[in-house]
Amino acid sequence: NKYFGESEKNLKRAIHTAEAMAPIVLWIDEMEKAFAHSDGDDSGTSTRIFGTFLSWLQDKKPGVFVVATCNDIDALPPELVRKGRFDEIFFVDLPRVEVRREILAVHLRKRGRDPAGFDLHGLASRMEGFGGSEIEQVVISSLYSAFAQNRELTTALIEEETARTVPLWVTAHEKVEHVRDWAQSRAVLAD
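Described below are features of the structure shown in this document. These numbers were taken from a predicted model, which means no experiment stands behind them. (Residues numbered from 1 in each chain as written. Predicted model: local features only at pLDDT ≥ 70, side-chain atom pairs only at ≥ 80, totals over all residues. Heavy atoms only, no water.)

Some points on the environment of Lys 33
Okay, step 1: Within the secondary structure layout, Lys 33 lies in helix H2 (residues 32–35).
Okay, step 2: Put simply, Lys 33 and Asn 71 are 38 residues apart on the chain and 9.3 Å apart in space, counted from C-alpha to C-alpha.
Okay, step 3: Among the polar contacts made by the side chain of Lys 33, one reaches the side chain of Glu 32 at a distance of 3.0 Å. (Helix = DSSP H or I, 4+ residues; strand = E, 2+ residues; numbered from the N terminus. Polar contact = N/O pair within 3.5 Å; in protein donor to acceptor, adjacent residues only side chain to side chain.)

Okay, here's the thing in structure tokens:
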């Protein structure tokens with residue numbers, strides 16, 4: 001908020017709302033976007049918000065279970081990820097072939113297609129290194145192609161779109177490997 005102190009009030013209001021709704025799970029998606037190291041160009045607002053959040057995490061009442069996702073844990077200040085604020089850090093790697101097959105089935109069903117009509121195992125095998133969102137986008141792009149060609153969606157169309165898609169695992173390979181290496185000794189492997 002543009003007025004001095006309003007951002008802090010908004011955070012406190014959100015915290016009070018979460019506590020009033022307890023028991024709940026409070027989900028913070030891509031936490032590094034909100035709490036990455038600040039460069040200090042905001043008159044201290046980020047520092048005050050961060051301090052308020054840290055204090056609340058440390059002293060919060062039972063009934064609010066906080067779960068957060070983070071794509072770049074290196075961007076988070078160490079005092080945020082220490083024990084006592086978050087009980088555990090889990091590393092979720094790119095999905096294995098069985099999981100990719102299930103993700104494909106979910107996104108086909110979501111779009112009114114029967115997964116039994118597709119070679120899910122073959123498709124999932126070709127999607128090595130694909131994340132869930134990339135698999136979803138392959139399905140969506142394949143549907144666009146099918147519509148443009150006035151055809152039904154087929155395994156072959158999904159294969160074609162898969163071949164055209166460069167997953168993040170390729171475009172940011174070094175970063176992905178860095179996170180994997182970091183997680184080996186610093187996180188609980190979720191798989």
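Quick word on the packing of aromatic side chains
Okay, step 1: Applying the stated criterion to the full structure yields one aromatic pair.
Okay, step 2: Judged by centre distance (6.0 Å) and plane angle (40 degrees), the ring pair of Phe 53 and Trp 56 falls under tilted. Pair noted here: Phe 53 and Trp 56 are both in helix H3 (residues 45–59), with a separation of three residues, about one helical turn. With respect to burial, Phe 53 and Trp 56 carry one shared label: buried. (Phe/Tyr/Trp six-rings, centres within 6.5 Å; stacked < 30°, edge-to-face > 60°. Buried < 20%, exposed > 50% of the residue type's maximum accessible area, 1.4 Å probe, protein only.)

Quick look at the side chain of Glu 161
Okay, step 1: As for its position among the elements, Glu 161 is in helix H8 (residues 155–164).
Okay, step 2: Contact partners of Glu 161, with chain neighbours within four places excluded, come to Val 138, Ser 141, Ser 142 and Ser 145. (Contact = heavy atoms within 4.5 Å.)

Focus on H8
Okay, step 1: Three or more residues of H8 are buried, namely Thr 155, Leu 157, Ile 158, Glu 161 and Thr 162. An end-on view of H8 places all buried positions within 160 degrees of arc, on one side of the element. The outward face of H8, more than 90 degrees from its buried face, is lined by the exposed residues Ala 163 and Arg 164.
Okay, step 2: Buried positions along H8 lie against helix H5 (97–110), helix H6 (120–126) and helix H7 (132–148). (Arc of directions from axis to C-beta.)

Examining the pattern of salt bridges
Okay, step 1: Taken as a whole, this structure holds 13 salt bridges when the rule is applied.
Okay, step 2: Among the salt bridges present, the one from Asp 72 reaches Lys 175, with a minimum N-O distance of 3.0 Å. Of this pair, Asp 72 sits in the loop between strand S2 (64–68) and helix H4 (78–81) while Lys 175 sits in helix H10 (residues 173–186); the two residues are 103 residues apart in sequence, bridging distant segments of the chain.
Okay, step 3: Note on Asp 72: relative accessible area 24%, which makes it partly exposed. (Salt bridge = Lys/Arg side-chain N within 4 Å of Asp/Glu carboxyl O.)

As for the packing of helix H1 (residues 6–21) against H3
Okay, step 1: Relative orientation of the contacting elements H1 and H3 amounts to 20 degrees, with a least axis distance of 9 Å. By the angle between their directions, the pair H1 and H3 is classed as roughly parallel. The two elements H1 and H3 cross, and the hand of that crossing is right-handed. Contact with H1, carried on its side by Ser 7, Glu 8, Leu 11, Lys 12, Ile 15 and Glu 19, involves Thr 45, Arg 48, Ile 49, Thr 52, Phe 53 and Trp 56 of H3 and no other residues of that element.
Okay, step 2: Here the residues of the contact of H1 with H3 are counted per class, giving five nonpolar, three polar and four charged. (Axes fitted to C-alpha atoms, helices over the stretch in contact; angles between N-to-C directions. Parallel < 35°, antiparallel > 145°, perpendicular 65-115°, else oblique. Left-handed = near helix turned anticlockwise from the far one by under 90°. Nonpolar A, V, L, I, M, F, W, Y, C, P; charged D, E, K, R; others polar.)

Considering the environment of Arg 85
Okay, step 1: Residue position: Arg 85 is located in the loop between H4 and strand S3 (90–91).
Okay, step 2: Those residues in contact with Arg 85, other than ones at most four positions away along the chain, are Leu 54, Leu 57, Gln 58, Glu 79 and Leu 80.
Okay, step 3: At 3.3 Å, the side chain of Arg 85 and the backbone oxygen of Leu 54 are in polar contact.

Re the layout of surface pockets
Okay, step 1: By volume, the largest pocket amounts to about 1,500 Å³.
Okay, step 2: Considering the residues around the largest pocket, the lining is formed by 47 residues, among which Thr 69, Cys 70, Asn 71, Phe 90 and Val 92 are closest to the centre.
Okay, step 3: Ranked by residues supplied to the lining of the largest pocket, first place goes to H10 with five residues.
Okay, step 4: Of the residues that constitute the lining of the largest pocket, the class distribution is 27 nonpolar, seven polar and 13 charged. (1 Å grid on protein atoms, 1.4 Å probe; cavity = no way out; pocket = protein on both sides within 12 Å on 5 of 7 lines; lining within 4 Å. Points joined across faces, edges and corners; volume = space filled by probe spheres on them.)

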